[in-house]
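Each chain, written out:
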Amino acid sequence: MVVTTTSDPRTTSALVTGGGSGIGAAASRMLAGTGARVAVVDIDDRAARAVASEVDGLALCGDVASPGVLARALEEAEQTFGTLDVVLLNAGTASQQNGIDDLDVADYRRVLGVNVDHVVLGLTAAVPVLRRARGGRIVVTASLAGLVPMPGDPIYTLSKHAVVGYVRAVAPVLADEGIRVNAVCPGFADTPLLDPAREQLGDFPLLRPEDVADAIAEVLAQGRPGECWFVQPGRPGERYTFRGVPGPRGGAAAPAVGPGAAGHLDEGAHDR
Ligand SMILES: NC(=O)c1ccc[n+]([C@@H]2O[C@H](COP(=O)([O-])OP(=O)(O)OC[C@H]3O[C@@H](n4cnc5c(N)ncnc54)[C@H](O)[C@@H]3O)[C@@H](O)[C@H]2O)c1
């Protein structure tokens, strides 16, 4: 399903990180299905090439956690396509932690590199490219673990909460330039990422990667700046409503760049 509404800005060309597998591959197919040209970025060269050839797109191989890699990939995609108006920062990984007191520092840094550094570096590099396109959209694949705790993987939970906060903080500033930033927060999806946890999950219902791609299409069409949309099996993607935090007593307005400046504390404004 691809949602088209009057508010749906057409995607002419897109870059998808982690596009060689799972959700990124499904999103690449979804975007190509709308007529967009797609650059598929993945550390797995063969996987990137396979998906790129399927969608008649551009394969780019690299480690998106490394500084400079995404900037070069974005530049190459922009040069190849002429312009770039959608960037999906989707690559991600789970930790191999087996318990809270079993911290492998190298593994911890690897997870933060892919799940957090990649989003920060990628978004920073994408902004000038989208400015040249006179606006565009950035969607970060976070996770339900960015909205609720996942005790089975606290490091993953940490990383996904971090990017949800980052998306919400940068979105209002970038919206002024016509660049919309959103997060998509899927529940468990049937992709290779889930393989180590499959036995524990038993017959828990899983999303198909295509379900998440549909939600990404919906967010591209309907998302408002900074919104995080969750996706669960059997449900279409939906806006997540943050409960908010009561403001200070006395009714002072939030400072322009302070917490709540984006309106996320509105729900708490009653407590004066
Ligand atoms: N599968 C789930 O249950 C689930 C649930 C919620 C969120 N997510 C998120 O969805 C996103 C996509 O995951 P998926 O489930 O499709 O997993 P996946 O393993 O099928 O795909 C991830 C892709 O990212 C690539 N990748 C990993 N590290 C990279 C790096 N450093 N540089 C470039 N490419 C890299 C991998 O090679 C792979 O092709 C991730 O951010 C993940 O955290 C997944």
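See above for the structure.
In what follows, the accompanying structure is described. Just so it is clear, the structure is predicted and the values come from calculations on it, not from any experiment.

Counting residues in each nonpolar core, the largest one holds 78 residues, and the members touching the most others are Leu 15, Val 40, Val 184, Val 212 and Ile 216. Among the elements that line this core, the one with the most residues is helix 4 (residues 105–132), at nine residues. Aside from chain neighbours lying at most four places away, what touches Val 40 is Val 16, Gly 19, Gly 20, Ser 28, Ala 48, Val 51, Ala 52, Gly 57, Leu 58, Ala 59 and Leu 60.

Next up on the list: the pairing of strand 5 (residues 136–141). The element strand 5 is extensively covered by neighbouring structure, given that six of its six residues are classed as buried. Along strand 5, one buried face is formed by Gly 136, Ile 138 and Val 140 and the opposite face, lined by Arg 137, Val 139 and Thr 141, is buried too. Here strand 4 (residues 86–89) runs beside strand 5; their pairing, made up of four bridges, is parallel. Paired with Val 86 across the bridge in strand 5 is Arg 137. Bridge count for strand 5 against strand 6 (residues 179–186) is six bridges, and the pairing is parallel. What sits directly across from Gly 136, in strand 6, is Ile 179. Regarding the hand of the β-α-β motif, the stretch spanning strand 5, helix 5 (residues 154–175) and strand 6 is right-handed.

The buried fraction of strand 2 (residues 37–42) is high, at six of six residues. Alternating positions in strand 2 separate into two faces, Arg 37, Ala 39 and Val 41 on one and Val 38, Val 40 and Asp 42 on the other, with burial throughout. Pairing between strand 1 (residues 13–17) and strand 2: five bridges, direction parallel. Within the sheet, the bridge partner assigned to Ala 14 lies in strand 2 and is Val 38. You can see the chain leave strand 1, run along helix 1 (residues 22–33) and come back into strand 2, and the turn it takes is right-handed.

The rules behind the values
- The residue numbers shown here count from 1 along each chain, following its written sequence.
- In keeping with the model being predicted, local features are shown solely for residues with a pLDDT of at least 70 and side-chain atom pairs are shown and tallied solely at 80 or more, while totals for entire chains, interfaces and linings include all residues.
- Throughout this description, the term nonpolar core refers to a group of buried Ala, Val, Leu, Ile, Met, Phe, Trp, Tyr and Cys residues whose C-beta atoms join them within 7 Å.
- Residues with at least 20 other C-beta atoms within 10 Å of their own are called buried, those with 12 or fewer are called exposed, and the rest are partly exposed. The C-beta atoms themselves are positioned from the backbone.
- Comment: elements are numbered from the N terminus, with helices defined as DSSP H or I runs of at least four residues and strands as E runs of at least two.
- Once C-beta atoms are placed from the backbone, any two residues with those atoms within 7 Å are in contact.
- Pairing between strands is defined by DSSP: at least two bridges between them are needed.
- Orient the strands so they point away from the viewer, and a crossover whose first-strand-to-second-strand path over the helix runs clockwise is right-handed.

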